Each structure stands twice: as structure tokens, then as C-alpha cells.
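Residue-level listing of the chains:
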Amino acid sequence: MSELDPVVAAAQAQLRPKFDALLELLDKDGAVQEMLFFTTNLLALQRATEPMDIGELFLQLSTTAFLGFEFSPEQAVLVDELLEQAEQLAHVLSADSNQAH
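Residues numbered from 1 in each chain as written. Predicted model: local features only at pLDDT ≥ 70, side-chain atom pairs only at ≥ 80, totals over all residues. Heavy atoms only, no water.

1. Thoughts on the packing of helix 1 (residues 6-29) against helix 2 (residues 32-47)
The description of two helices packed together rests on the angle between their axes and the distance between the axes. Two numbers describe how helix 1 lies on helix 2: the axes approach to 10 Å, and their chain directions differ by 160 degrees. With respect to helix 2, the element helix 1 is oriented roughly antiparallel. Seen along the crossing, helix 1 lies across helix 2 with a hand that is left-handed. In this structure, helix 1 contributes Ala 11, Gln 12, Leu 15, Arg 16, Phe 19, Asp 20, Leu 22, Leu 23, Leu 26 and Asp 27 to the contact, and helix 2 contributes Glu 34, Met 35, Phe 38, Thr 39, Asn 41, Leu 42, Leu 45 and Gln 46. Its residues placed into classes, the contact of helix 1 with helix 2 shows 10 nonpolar, four polar and four charged. (Axes fitted to C-alpha atoms, helices over the stretch in contact; angles between N-to-C directions. Helix = DSSP H or I, 4+ residues; strand = E, 2+ residues; numbered from the N terminus. Parallel < 35°, antiparallel > 145°, perpendicular 65-115°, else oblique. Left-handed = near helix turned anticlockwise from the far one by under 90°. Contact = heavy atoms within 4.5 Å. Nonpolar A, V, L, I, M, F, W, Y, C, P; charged D, E, K, R; others polar.)

Shown next, in the form of C-alpha cells:
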């Protein structure tokens, strides 16, 4: 098995704790549809093997506002933190891909 791309490894290390905290709260609050959405995206993060996968994950996460989820204040804070971190990673990826080689 080949070594994991360092960008992917960094994204997984940074985003996984945020997913875990959010999923724990959603589970506690019985937010089934929200749990399904974020679990699906966590699995995509875990399966990611190249930076493009992280970019696609960000695109999926960016649809959160349009899915009709109603988050508690605590859930909303965690969702915002997760989306902000994913957005920062996506910006890093786009900056890296635009550099001359």
C-alpha cells in the first residue's frame, strides 16, 4: 500500500476530531438525518487518498446550509467550525494546485 498523501493526512487529522464531536452531539440529540449526512461525509474523509478527494468533501459539506437542517446552538457552532476548517483546507489545496511546477 502506498503512503498517504501528506495533504490528505493533514486534512484527516484536522477534520476527524470535528466530525467526531459533531456526530456525538447529533447522536445525543437524536438528529438522525443530520447524523446520516455528516457520517457519510466522515466516511468520504476516511476514504480520501488524494487532495482532490478533500476538495470534493468540502463541496459536499458546503451544501449543509441548503439541506434544511435545524441545528441547536451547540450543533451550529460545531458545524461552523467544521465548515470553516474544511474551507481553509480547500483554499490551501487550490493555492497549491495553482503554483507553477
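Let's pick the thread back up.
2. Brief notes about the pattern of salt bridges
Applying the stated rule across the entire model yields one salt bridge. In this structure, Arg 16 engages Asp 20 in a salt bridge whose closest nitrogen and oxygen atoms are separated by 2.8 Å. Of this pair, Arg 16 and Asp 20 both sit in helix 1, separated by four residues, roughly a single helical turn. Owing to a relative accessible area of 33%, Asp 20 belongs among the partly exposed residues under this scheme. (Salt bridge = Lys/Arg side-chain N within 4 Å of Asp/Glu carboxyl O. Buried < 20%, exposed > 50% of the residue type's maximum accessible area, 1.4 Å probe, protein only.)

These results come straight from atomic positions and should not be treated as a statement about function.
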